[in-house]
Amino acid sequence: MDRLANTVRPYAWGSTTAIPELLGTAPTGEPQAEMWMGAHPGAPSRIDRGAGPVSLAEVIDAAPEAELGADAVRAFGPRLPFLLKLLAAGSPLSLQVHPDLAQAQEGFADEERRGVPIDAGHRNYKDANHKPELIVALTPFDGLCGFRHPAQAADLLAGLGVDDLKPYVDILRASPEEDALREVLTAVLSAEHHAIAGTVERAAVAADRLAAEGGPHADDYAAYAGIAHHYPGDPGVLAAMLLNHVQLQPGEALFLGAGIPHAYLNGLGVELMANSDNVLRCGLTPKHVDVPELLRVVRFEAGDAGVLRPEAVDGEEIYETPIDEFRLSRFVLAPGAAPRPLVSRTPQILLCTAGTVRLRDDEAGAGDGAAAGADVAAGAELTLAPGESAFVRAGERLTLTGEGTLFRATVVA
């Protein structure tokens, strides 16, 4: 097991306080948006096995089966297939969707063939992988996830009393579900900015007023008014009104599969995703929005947001998703609880989010599926405080003790 030294990304939408508060460090005054844990080339974690700090990506590249285990390498190749993050939103992220695997492979190959530079602002596909993701709230967490039923979206827009929105309301009430959502989203995102900016502003003013007045949709209107405050005149504000507004409580989660439009608005969470950078933006951003490609990827299916709660299995609380590249679970260790054994044939990243958790390596390298060349001495211990994390090679046998909360990221293989 290896303690991870992780990079915090200073994206503009990040909270200035949430990650420092978890880590017990002083805020810098700058946004601290995401702390990355894993082997992503953009910001790989670093470990030290006695010869000085080295990139986890380099360690895995040097001996994939020893670090990841034969099962994971066979299923996903010689790379860590997931990326774990602490995500702290102080303002809304861009409204976005992710492609499925076939779309990502096709889109990446096309842009490579056309010679689009990988770092070009208008590039859609940074790699050939899909990017499903799971977010678990550590604090109350606001987000947008999936399309509302068209009739519900129509009622919400009609309630604003803005005449410019009436054509959208009529489409949402008269057309079949998929057609209605597609037509309205296309119209909003394809409109000339100067033409729709005034509509967005009038809708924002009305939403702010209705939020202050209270009523059954007050929380929704407050969320949309807040989005408009950060992105005045952005057509993504109207696109956001087509989506479910979700307020997660700590421990609740959202799974975002391919084609599901979503955005995180505010709060601190643990995020786990497939190891990819592929994002197609719908708005709430100054970055490139490729409307035709976006419409090819979006799934125009309405429904509720599908809030997930963990299922307890032998004391481990598991967040079930249909994805094999990652699995997220947590342990809530109570005072005086018996030591809990933890072993896996696949790689793991363990993240403490509360209290203090101790990891003891009882039989390093022992047993079926042990990582070849494991050299951590049996009996070694590692103590994790909030915000601290560790990489555990395939086959290592650990015992968990302490009093706190530990998230476990691994794969299904």
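A few points on the structure.

Calculation notes
Residues numbered from 1 in each chain as written. Predicted model: local features only at pLDDT ≥ 70, side-chain atom pairs only at ≥ 80, totals over all residues. Heavy atoms only, no water. Helix = DSSP H or I, 4+ residues; strand = E, 2+ residues; numbered from the N terminus. Rg over C-alpha atoms; globule rule 2.2 N^0.38 Å. Buried < 20%, exposed > 50% of the residue type's maximum accessible area, 1.4 Å probe, protein only. Contact = heavy atoms within 4.5 Å. Lys, Arg positive; Asp, Glu negative; His and termini not counted. Charge placed at Lys NZ, Arg CZ, Asp CG, Glu CD. Salt bridge = Lys/Arg side-chain N within 4 Å of Asp/Glu carboxyl O. Polar contact = N/O pair within 3.5 Å; in protein donor to acceptor, adjacent residues only side chain to side chain. Pairing = 2+ DSSP bridges. Axes fitted to C-alpha atoms, helices over the stretch in contact; angles between N-to-C directions. Parallel < 35°, antiparallel > 145°, perpendicular 65-115°, else oblique. Left-handed = near helix turned anticlockwise from the far one by under 90°. Nonpolar A, V, L, I, M, F, W, Y, C, P; charged D, E, K, R; others polar. Core = buried A, V, L, I, M, F, W, Y, C linked by side-chain atoms within 4.5 Å.

## Section: the overall build of the chain
And step 1. Of the regular secondary structure elements, the chain holds 12 helices and 21 strands.
And step 2. Scaling as 2.2 N^0.38, a compact globule of 413 residues should have a C-alpha radius of gyration of about 22 Å, and the chain matches this with 23 Å.
And step 3. Overall, the chain is about 70 × 50 × 40 Å in size when its C-alpha atoms are taken along their principal axes.
And step 4. Buried positions account for 54% of the 413 residues belonging to the chain.
And step 5. Long-range contacts, defined here as pairs at least 24 residues apart, represent 77% of the contacts in the chain between residues at least 6 apart.
And step 6. The centroid of the 32 positive side-chain charges in the chain is displaced by 3 Å from the centroid of its 57 negative side-chain charges.

## Describing the pattern of salt bridges
And step 1. The tally for this structure, following the rule as stated, stands at 26 salt bridges.
And step 2. Here Asp2 and Arg49 are joined by a salt bridge, their closest N and O atoms 2.9 Å apart. Taken together, the residues span a long stretch of sequence, with Asp2 in strand S1 (residues 2-3) and Arg49 in the loop between strand S4 (46-48) and strand S5 (53-55) at a distance of 47 residues.
And step 3. A salt bridge links Arg182 to Glu178, with the nearest nitrogen and oxygen atoms 3.8 Å apart. In this pair, Arg182 and Glu178 both sit in helix H8 (residues 177-190), four residues apart, roughly one turn of the helix.
And step 4. The structure contains a network of salt bridges with shared partners spanning Asp2, Arg49 and Glu67.

## Regarding the side chain of Glu325
And step 1. Following the sequence through the fold, Glu325 ends up in the loop between strand S15 (316-319) and strand S16 (327-333).
And step 2. For Glu325, the side chain forms a polar contact with the side chain of His130, separated by 2.7 Å.

## Some points on the pairing of strand S6 (residues 82-89)
And step 1. Judged by how many residues are buried, S6 sits mostly within the fold: eight of eight residues are covered.
And step 2. Residues Phe82, Leu84, Leu86 and Ala88 point to one face of S6 and Leu83, Lys85, Leu87 and Ala89 to the other, with burial holding for every one of them.
And step 3. Sheet topology note: the strand S3 (residues 34-37)/S6 ladder contains four bridges and is antiparallel. Directly across from Met37, in S6, lies its bridge partner Leu84.
And step 4. Bridging between S6 and strand S12 (residues 262-274) involves eight bridges; their strand directions are antiparallel. Looking at S12, one finds that Leu86 is bridged to Val270.

## Overview of the pairing of S12
And step 1. With 12 of its 13 residues buried, S12 lies for the most part within the structure.
And step 2. With five bridges connecting them, strand S8 (residues 133-137) and S12 associate as antiparallel partners. Note on S12: the bridge partner recorded for Glu133 is Met273.
And step 3. The pairing of strand S9 (residues 141-147) with S12 spans four bridges and is classified as antiparallel. Within S12, the residue paired with Leu144 across the bridge is Ala263.

## Some thoughts on the packing of helix H6 (residues 150-158) against helix H7 (residues 166-174)
And step 1. Two numbers describe how H6 lies on H7: the axes approach to 8 Å, and their chain directions differ by 155°. Viewed along their axes, H6 and H7 adopt a mutual orientation that is roughly antiparallel. Between H6 and H7 the crossing geometry is left-handed. Judged by residue contacts, Pro150, Ala151, Ala153, Ala154, Asp155, Leu157 and Ala158 of H6 engage Tyr168, Val169, Leu172 and Arg173 from H7.
And step 2. Tallied by class, residues from the contact of H6 with H7 come to nine nonpolar, no polar and two charged.

## Brief notes about the environment of Arg330
And step 1. By secondary structure assignment, the location of Arg330 is in strand S16.
And step 2. Residue Arg330 is classed as buried on the basis of its relative accessible area of 18%.
And step 3. When residues no more than four places from it in sequence are discounted, the contact partners of Arg330 are Gly251, Pro310, Gly315, Glu316, Glu317, Tyr319, Thr405, Leu406 and Phe407.
And step 4. At a separation of 2.5 Å, a polar atom in the side chain of Arg330 contacts the side chain of Glu317.

## Brief notes about the side chain of Glu252
And step 1. With respect to the secondary-structure elements, Glu252 resides in the loop between strand S10 (243-248) and strand S11 (253-256).
And step 2. Of note is the side chain of Glu252, whose polar atom sits 2.8 Å from the backbone nitrogen of Gln249.
And step 3. In this view, Glu252 contacts Ile135, Val136, Ala137, Gln247, Val307, Leu308 and Arg309; residues no more than four positions away in its chain are not counted.

## Things to note about the nonpolar core
And step 1. Within the largest apolar cluster, 54 residues are counted, with the highest numbers of intra-cluster contacts made by Leu144, Leu160, Leu172, Ile227 and Leu238.
And step 2. The element that contributes the greatest number of residues to this core is helix H9 (residues 193-213), accounting for seven residues.
And step 3. In this structure Leu172 touches Pro150, Ala151, Ala153, Ala154, Leu157, Ala180, Leu181, Val184 and Leu242, once residues within four positions along its chain are discounted.
And step 4. Counting residues in hydrophobic clusters, the runner-up holds 33 residues, among them Leu22, Met35, Ile47 and Tyr319.

Interpretation note: all reported values are geometric properties and have no functional meaning in isolation.
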